[in-house]
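An overview of the molecular structure
Now for the letters of each chain:
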Amino acid sequence: MKFIFFGCLLMMSPTLLALPLATESYLKKPKLVVVLVIDQFRGELLNKMQKELKPAGTAAQPGGFAFLMKNGAWFPHAEYEVSQAMTCVGHAMILSGSYPTLNGISLNQWFDSKAGKRIGCIEDARDGISPRNLFATTVGDEMKTSRSKSKVISVAVKDRSAVLLGGHRADHAIWLNSAGSAWTTSTYYGTPPTWIDAENRRLSASPKKDLLSKNLAASIEGTQSTLRLAAQALTEEKLGRGPDTDLLAISLSNHDILGHALGPESPEMEKLVLAEDVELQRFFGVLQKQMKGWSEVLFVMTADHGIPGTPTKLLPPENGDGQFDALASIRNVNRHLDEAFKVRSKEPWITATFLLNFYLNEKFIQERGLSLAAVESEAKKALAKEPGVIEVFTRQEFLDGKISDNLPGRQFKNSYRPDRNGHLQIVLRPFMVAKSELTANHMTGWAYDRYVPLFLMGNSISPGIYAGGKIVDIAPTVSFLLGTVPPSMSEGRVLSETFKSVKPSK
Ligand SMILES: [Zn+2]
């Protein structure tokens, strides 16, 4: 009997097994939360490279990644449960704790049929760039609502990463301008802080002679500049030294930009990880000094998505180079719809396609008195025949709740926005990607794209290796430890299995 009972306990969820967090630790709130995101960081990278990383070091002299690996709660396979893992989607989920279907950020860009053009996920008619397209609040927003003196600052080479991590109420969200020549912000955030001036002077004075690229956004220099700026924000804004908890969010975009250009298996990418290790160590040093130790810091590290390995070796021959040619598919869909609806017209049935979404020409369909759902259903038949396509979802199926309960179906239900995604969205077989000039691309819900590492390190956190963990769990866990209201659309769970529990009484 005892064995049976023990077996049942093992099968229980980690939440049920967790012991309570010590009241003393809970009441002693962190003074500073640092959230570090590495753009396109595969779940297995730190395992693969652990021997080459700097030693973990000590609290007084911390190492880089190994310091986190030793002192943090480490989820090697934290999961994005979305159809398409990409920058906007990931960065919106991390600090809102919600899926795209609720928070609105379902793609990096979508087609606005009224404007007849693509809209970037943070594009805004009023301020150029703002978080207005994000419907959810973030951890930082709730911190500022609850504690009037909390400061929220975000820094990233990519504007979308800085904006979505910063949320609606960030004091400053700072990114690199499109020319890659200076750090900047938008009118949404008001006047840029003077502490970006020194880094901007440094950028304009130093010729870009990085080994990997002449472009700052695609070089190790970009990572160095981002973390230097984050350190500047830390000291100049006296983060963590004020009366209320502050938040500093950083995203290292260069990893993604280089990974796309060179592929994740290139030696340059390993070199980049080692450079990140050095820069992280330097940043930890600044952080430790400013905070006079680690007891008041809650440090979170994760990634917005992964990346597949070399595709051509992993695909059957009929899928050729693994590139899905959307434009060729559109021609086939147009031909199929012409025949199915007996319509001959030069105007196309599909007005736009990108990121595996297809937008139908609604005006054209209405003018011919056809039902949009019927056209979607015919277009689905044609798309399903295209090489590499293993699933096609339509808007009407989503609205009718007729999405299958397999992995792609569940991911689609978490991800799809009828007002932003296409009328049709396809799922390609693993290792196939939309045709492009890039050496490697993500944008899928397959394992290599959706699993990323997650670290939580802080006074209330018990170091060790943890299984499971979802990206939507980060925000509710941080809010819980801060004692603030979770973000408005937060739907993850508190990762209470990582908490240092009360000592059992003797
Ligand atoms: Zn990317």
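For the structure itself, look to the data block above.
Residues numbered from 1 in each chain as written. Predicted model: local features only at pLDDT ≥ 70, side-chain atom pairs only at ≥ 80, totals over all residues. Heavy atoms only, no water.

**Side note on the coordination of the zinc ion**
- For the zinc ion, the protein coordination sphere consists of Asp256 (OD), Asp256 (OD), His260 (NE2) and His442 (NE2), at 2.0 to 2.5 Å.
- The site at the zinc ion holds 4 donor atoms, and with the angles between them running 55 to 159°, its shape is irregular.
- For the zinc ion, the single-chain donor residues occur in sequence as D-x3-H-x181-H. One end of the pair, Asp256, and the other, His260, are both in helix 12 (residues 254-262), 4 residues apart, so they sit about a helical turn from each other.
- Look at His260 and you get buried, because its relative accessible area is 10%. (Donors = N, O, S within 2.8 Å, 3.2 Å for Na, K, Ca; no water. Tetrahedral: all angles 85-135°; square planar, octahedral: opposite > 155°, others 65-115°. Helix = DSSP H or I, 4+ residues; strand = E, 2+ residues; numbered from the N terminus. Buried < 20%, exposed > 50% of the residue type's maximum accessible area, 1.4 Å probe, protein only.)

**Concerning the environment of Trp74**
- Mapped onto the elements, Trp74 comes out in strand 2 (residues 73-79).
- Of the residues examined, Trp74 reaches a relative accessible area of 7% and is grouped as buried.
- C-alpha separation for the pair Trp74 and Ile465, spaced 391 residues apart in sequence, amounts to 4.9 Å.
- Filtering out sequence-adjacent residues up to four positions away, Trp74 remains in contact with Leu46, Asn47, Met69, Pro453, Leu454, Phe455, Gly464, Ile465 and Tyr466. (Contact = heavy atoms within 4.5 Å.)

**Side note on the sheet that holds strand 9 (residues 183-184)**
- Taken together, the 9 strands give an open sheet; going across it, the order is 9-8-7-10-1-11-18-2-19, and neighbouring strands pair in mixed fashion. The open sheet has two free edges, formed respectively by strand 9 and strand 19 (464-465), since each of these has just one partner strand.
- Strand contacts of helix 6 (residues 87-96): strand 1 (32-38), strand 10 (246-252) and strand 11 (297-303), with the helix running at about 155° to strand 1, the strand carrying the most contacts. (Pairing = 2+ DSSP bridges. Axes fitted to C-alpha atoms, helices over the stretch in contact; angles between N-to-C directions.)

**A short note on the state of the cysteines**
- On inspection of all chains with the given rule, the structure shows 1 disulfide.
- Paired by a disulfide, Cys88 and Cys121 hold their sulfur atoms 2.1 Å apart. Because the sign of the S-S torsion sets the handedness, a value of about -70° for the bond joining Cys88 and Cys121 places this disulfide among the left-handed ones. With Cys88 in helix 6 and Cys121 in the loop between strand 4 (117-120) and strand 5 (123-124), this pair connects stretches of sequence that are 33 residues apart.
- On the accessibility criterion, Cys88 (0% relative accessible area) is buried.
- On the basis of relative accessibility, which here comes to 2%, the residue Cys121 falls in the buried class. (Disulfide = S-S within 2.5 Å.)

**Thoughts on the sheet that holds strand 14 (residues 357-360)**
- Read across the sheet, 4 strands follow the order 13-14-16-15 without closing on themselves; strand pairing throughout is antiparallel. What marks the edges here is a single partner per strand, and that holds for strand 13 (350-354) and strand 15 (389-394). Between one strand and the next, the sheet's axes are offset by a mean angle of 20°, whatever the strand orientation.
- Judged from the 4 bridges that link them, strand 13 and strand 14 form a sheet pairing that is antiparallel.

**What about helix 18 (residues 407-415)?**
- Within helix 18 the residues assigned to the buried category are Pro408, Gly409, Gln411, Phe412, Asn414 and Ser415.
- Near the N-terminus of helix 18, the side chain that reaches the backbone nitrogen of Gly409, with its oxygen 2.9 Å away, is that of Asn406. (Polar contact = N/O pair within 3.5 Å; in protein donor to acceptor, adjacent residues only side chain to side chain.)

**Some words on empty space enclosed by the protein**
- Counted under the stated rule, the structure contains 4 cavities of 30 Å³ or more.
- Put simply, the largest cavity is a space of about 120 Å³.
- Looking at the lining of the largest cavity, the elements that each hand over two or more residues are helix 18 and strand 16 (424-428).
- For the lining of the largest cavity, the leading source of residues is strand 16, giving 4 residues. (1 Å grid on protein atoms, 1.4 Å probe; cavity = no way out; pocket = protein on both sides within 12 Å on 5 of 7 lines; lining within 4 Å. Points joined across faces, edges and corners; volume = space filled by probe spheres on them.)

**Some remarks on the packing of aromatic side chains**
- Taken as a whole, this structure holds 20 aromatic pairs when the rule is applied.
- A ring pair is formed by Phe111 and Tyr359, whose centres lie 5.5 Å apart and whose planes are at 55°; its orientation type is tilted. Here Phe111 is found in strand 3 (residues 109-112), whereas its partner Tyr359 is found in strand 14, with 248 residues between them in sequence. In this pair, the class of Phe111 matches that of Tyr359, namely buried.
- Note on Phe284 and Phe299: the rings are 5.1 Å apart at their centroids and 70° apart in plane angle, and the pair reads as edge-to-face. Taken as a pair, Phe284 in helix 13 (residues 267-291) and Phe299 in strand 11 lie far apart in primary sequence, 15 residues in all.
- Using a relative accessible area of 0% as the deciding quantity, one classes Phe284 as buried.
- Look at Phe299 and you get buried, because its relative accessible area is 1%.
- Residue placement shows Lys29 over the ring face of Tyr26; its charged tip is 3.4 Å from the ring centre. (Phe/Tyr/Trp six-rings, centres within 6.5 Å; stacked < 30°, edge-to-face > 60°. Lys NZ or Arg CZ within 6 Å of the ring centre and 35° of its normal.)

By themselves, these observations are geometric and do not establish any function.
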